[in-house]
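Spelled out, the chains give:
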Amino acid sequence: ECFETYLKPLGLTSLLDAPIRKGGLVIGIVCFEQGGSPRSWTIDEQLFAGAIADSISILLESIERIKAEKAFQEKEQLLSSVYDTVGDVIFVLSVEKEERYKFVSINKTFVTTTGQKDHQVLGKYIDEIISASSLKMVQDNYKKAILEKKIVRWEEVSDYPTGQLIGEVSIAPIFDENGKCTLLVGAVHDITDRKKAEEETRRMSLELEERVKERTIALTQTQESLKLSEEKYRKFVEEAGDVVYSSDYNGYFTYVNPMSKKITGYIESELLGKSFTELIDPEWKDRVVKFYKEQFDNKIRETLFSFPIITKLGEKKWVEQTVIQQREGGRVIGHQAIVRDITERKKSEEEIKQKSEELERSNKNLNDSEQQTQSIFNSAPDAVIVINEENRIVKWNHKAEKLFDWNESEVIGKPLYNYIIPERYRERHKNGMKHYLASGDGPFLNKDIEIEAINKNGIEFSISLTISPVGVKDKILFIGFIRDITERKRIEEEIKKKSEELVRSNQELEQFAYIASHDLQEPLRTISNFVGLLGKTLLGKTDDVTNDYLNFITGATSKMQNLIKDLLDYSRVGKTITFSIIDCNSILKDVLAGMDASIKESKAIITSDVLPKVKANEIQLKQLFQNLVSNGIKFRKKNSVPEIKITVEEKATEYLFAVKDNGIGIEEKDISKLFVLFQRLHREAEYPGTGLGLATSKKIVLLHGGKIWVESKLGKGSTFYFTLPKNKLN
């Protein structure tokens, strides 16, 4: 093919090839070519070509032999140099009869380490040099190396004129062509410093382990106590008959118990992150917002208010809501509330009021109307009591009988205050009646008020009371709608108590974590410094095992320091925080500059919208952006360039930020764990970290009055959303 393709077009017609060989293998060809008419090559020509090829083969083999001899000489010189300059003790023993071993060679390190010179050692047997206490062990190891034909290693402590030496001894047998062991080559590596360092490291590790164990037990006990308290509180709340919810200080739901579906039609997940104002009847929204703004401005801890809501199915319901402010360090950080469905009560009130008005207009069928009204009274879900201008009872329904233990016949025509009003309120009640009849001014009429009442047995209990005046002919009747709220007050008090305990437990836990982390820093710094000094001291003297030990200690210490640092960062969030006007573009620029190495290493592509100015804490805002961007880089797909996009959307009262990545994503079942302390979704070897980054991010966002959540699908990346309020820039 070569001839046809390349040589024939050049006019060559005849070709003679002779192989060049080396070690029995063809490594080249000698070629003779001729143009003109094709012809055959003579025997002499063929022999001549073969002779040329053989000469080249002989020449190449001679060159290789000369190179090998020169390399051998250089290698022998190098070995001789290494033998005398190596830092380990090296010796050679000849194997004599009757299993005796004689020193035939020692290196310079042998002399400097043991203090024994050449003439004191060479030509002597080992039993003349080695102590009697070590002799048998040494001989047994020599025999083992010869019998098993392998290198044998052991550790040995020897006393020399220069001092005690802890050595790692290696002995290797050398056999002749008949398989007889003629020489033993020995090496002793000085591990005295390493052994001392290992012992000191072991002692310090045990000490650190004990201290960490003590701190861990204390921290675990605190966490278990807090967890038990939270579980009791959650069980109590979830089994309550009313809607119980928590919200941030802007009124956005952060927790809702299962009762929400029965009253609002929405399940918990549909309400989380929404504002409670979205449920209010539009006609009432301004009044409700104004009421709660006054509570916020006047720092009123607890309020009770009734208003209508619109359910998921569009149904209008009346609710009675108790709101308790949650404070931390004088700042309102959220709310807890109890919502009770009072639709039936409102209907009864409206019906009774309507019937009472009809009673005033109707004179002809007074008896029938009275029977109708009495029927409504007796079927009402609440106690209904009617008194006249003289403060005497004229109506007393069945529910009132059950609530106060007085039969209707016992109280009709009697003064109200002698039966259900505690003595300390009676004068106030009488004066209020007189004031209203004289002026028409009644500040407590047509409003829900909470007060104590007393039953026939003299037992006081809490009630919810609404009083409505109704004109009948030229007289005024007062209708009272009364509900026993003893159980609700007990629930509210329990929630208040549990909330205060939870805040206190959180504060104590954070304080404990802060102090414990400081205490753990000192021994870690000591270990880190000692390992660093040990590494410098043993530089060039350690074997692979020792290096692995040192690297393991360094890595474990670094990991613990990172965990403690993250724990300290988490505990510091919220302590002595100050706010100022911050340009988010400048913050992001500083964060990306600090992450330059990881961005270049991962080849990450990071883009951002033009970001707004917000009122925030500069250090914590940097930490928030750094946590979310670094997560996008860390949890990237294999063999994929991470792409991270930061966007912002301006809302009416807040900015909605989004940090989107194209990483590995999160399973839906794991999303609820993301913002919990120490929760990790992956093994340390896959994605290193402490499990505190997102918990810290959540705490930062909540302290800024915002909320944070994530949307993600496994294998399709994640988007972390968080909001920051649009505070006035002045």
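Let me begin by describing the structure that accompanies this report. (Residues numbered from 1 in each chain as written. Predicted model: local features only at pLDDT ≥ 70, side-chain atom pairs only at ≥ 80, totals over all residues. Heavy atoms only, no water.)

### Describing the overall build of the chain
Helix and strand counts for the chain come out as 21 helices and 24 strands. Across the 730 residues in the chain, those meeting the buried criterion constitute 39%. For the chain, long-range pairs separated by at least 24 residues make up 53% of all intrachain contacts whose partners lie at least 6 apart in sequence. With an accessible surface of roughly 42600 Å², the chain has 53% of that area assigned to carbon and sulfur atoms. (Helix = DSSP H or I, 4+ residues; strand = E, 2+ residues; numbered from the N terminus. Buried < 20%, exposed > 50% of the residue type's maximum accessible area, 1.4 Å probe, protein only. Contact = heavy atoms within 4.5 Å. Areas by Shrake-Rupley, 256 points an atom, 1.4 Å probe, with all protein chains shown as cover.)

### With respect to the nonpolar core
One finds Leu621, Phe625, Phe657 and Phe722 to be the most contacted residues of the largest nonpolar core, which totals 33 residues. Looking at this core, the elements that each hand over two or more residues are α18 (584–594), β20 (613–616), α20 (618–634), β21 (643–650), β22 (654–661), α21 (693–703), β23 (708–712) and β24 (718–725). For this core, the element with the most residues is α20, which contributes six residues. If you look at the next biggest cluster of nonpolar residues, it comprises 26 residues, including Phe404, Val411, Tyr417 and Ile482. (Core = buried A, V, L, I, M, F, W, Y, C linked by side-chain atoms within 4.5 Å.)

### Section: the pairing of strand β16 (residues 460–472)
Summarising the sheet, strand β15 (residues 449–454) and β16 pair through six bridges and their orientation is antiparallel. Across the sheet, Ile449 pairs through a bridge with Leu465, a residue of β16. Both β16 and strand β17 (residues 475–484) contribute to a ladder of 10 bridges, which runs antiparallel. Its bridge partner lying in β17, Val470 is registered against Leu477. The hairpin formed by β16 and β17 contains two residues between the paired strands, and Lys473 there has a positive phi angle of roughly 55 degrees. (Pairing = 2+ DSSP bridges.)

### So, the pattern of salt bridges
Under the defined criterion, the tally for this structure stands at 37 salt bridges. For Asp448, the salt bridge is made with Arg345, and the minimal N-O distance between the two is 3.3 Å. Of the two residues, Asp448 sits in the loop between α15 (423–439) and β15 while Arg345 sits in helix α11 (residues 343–361), which places them 103 residues apart along the sequence. What makes Asp448 partly exposed here is its relative accessible area of 22%. Ionic pairing is found between Lys489 and Glu492, a salt bridge with its closest N-O pair at 3.8 Å. Taken as a pair, Lys489 and Glu492 lie in helix α16 (residues 486–537) at a separation of three residues, close to a single helical turn. The exposure class assigned to Lys489 is partly exposed, which follows from its relative accessible area of 27%. Overall, the relative accessible area of 4% leaves Glu492 in the buried class. (Salt bridge = Lys/Arg side-chain N within 4 Å of Asp/Glu carboxyl O.)

### Thoughts on the sheet that holds β16
Spatially, five strands are ordered β14-β13-β17-β16-β15 in an open sheet, and the strand pairing comes out antiparallel. Edge positions in the sheet fall to β14 (393–396) and β15, since each has one partner strand and no second. Here the average twist between neighbouring strands, direction ignored, is 35 degrees. (Axes fitted to C-alpha atoms, helices over the stretch in contact; angles between N-to-C directions.)

### Description of the packing of aromatic side chains
Scanning the model with the defined rule gives 21 aromatic pairs in all. When the ring of Tyr245 is compared with that of Phe253, the centres are 4.8 Å apart and the planes differ by 75 degrees; the resulting orientation is edge-to-face. On the basis of relative accessible area, Tyr245 is assigned to the buried category, the value being 5%. Given a relative accessible area of 6%, Phe253 falls into the buried group. Arranged with centres 5.1 Å apart and planes meeting at 85 degrees, the rings of Trp284 and Trp318 form a pair that is edge-to-face. (Phe/Tyr/Trp six-rings, centres within 6.5 Å; stacked < 30°, edge-to-face > 60°.)

### Topic: the packing of α20 against α21
Direction vectors running N to C along α20 and α21 enclose 140 degrees, while the axes themselves pass 9 Å from each other. With respect to α21, the axis of α20 lies oblique. Considering how the two elements wind past one another, α20 and α21 form a crossing that is left-handed. On the side of α20, the interface is formed by Gln620, Gln623, Leu624, Asn627, Leu628 and Asn631, while α21 contributes Gly693, Leu694, Thr696, Ser697, Ile700 and Val701. Partitioned by chemical class, the residues of the contact of α20 with α21 number five nonpolar, seven polar and no charged. (Parallel < 35°, antiparallel > 145°, perpendicular 65-115°, else oblique. Left-handed = near helix turned anticlockwise from the far one by under 90°. Nonpolar A, V, L, I, M, F, W, Y, C, P; charged D, E, K, R; others polar.)

### Re helix α6 (residues 132–148)
For α6, with 17 residues, the first-to-last C-alpha span of 25 Å sits near the 24 Å given by 1.5 Å per residue. Positive phi shows up at Lys149, right after α6, with a value of about 55 degrees. (Expected span 1.5 Å × (residues − 1).)

### Focus on the sheet that holds strand β3 (residues 89–95)
The antiparallel open sheet is built from five strands, whose spatial order is β4-β3-β7-β6-β5. In this open sheet, the two strands that pair with only one neighbour each are β4 (101–106) and β5 (152–160). Each neighbouring strand pair of the sheet contributes to a mean axis angle of 35 degrees, computed without reference to strand direction. Here strand β6 (residues 163–175) pairs with strand β7 (residues 181–190) via nine bridges, running antiparallel. In the sheet register, Val169 faces β7, and the bridge partner there is Val188. Contacting β3, β4, β5, β6 and β7, α6 crosses the sheet at an angle of about 155 degrees to β5.

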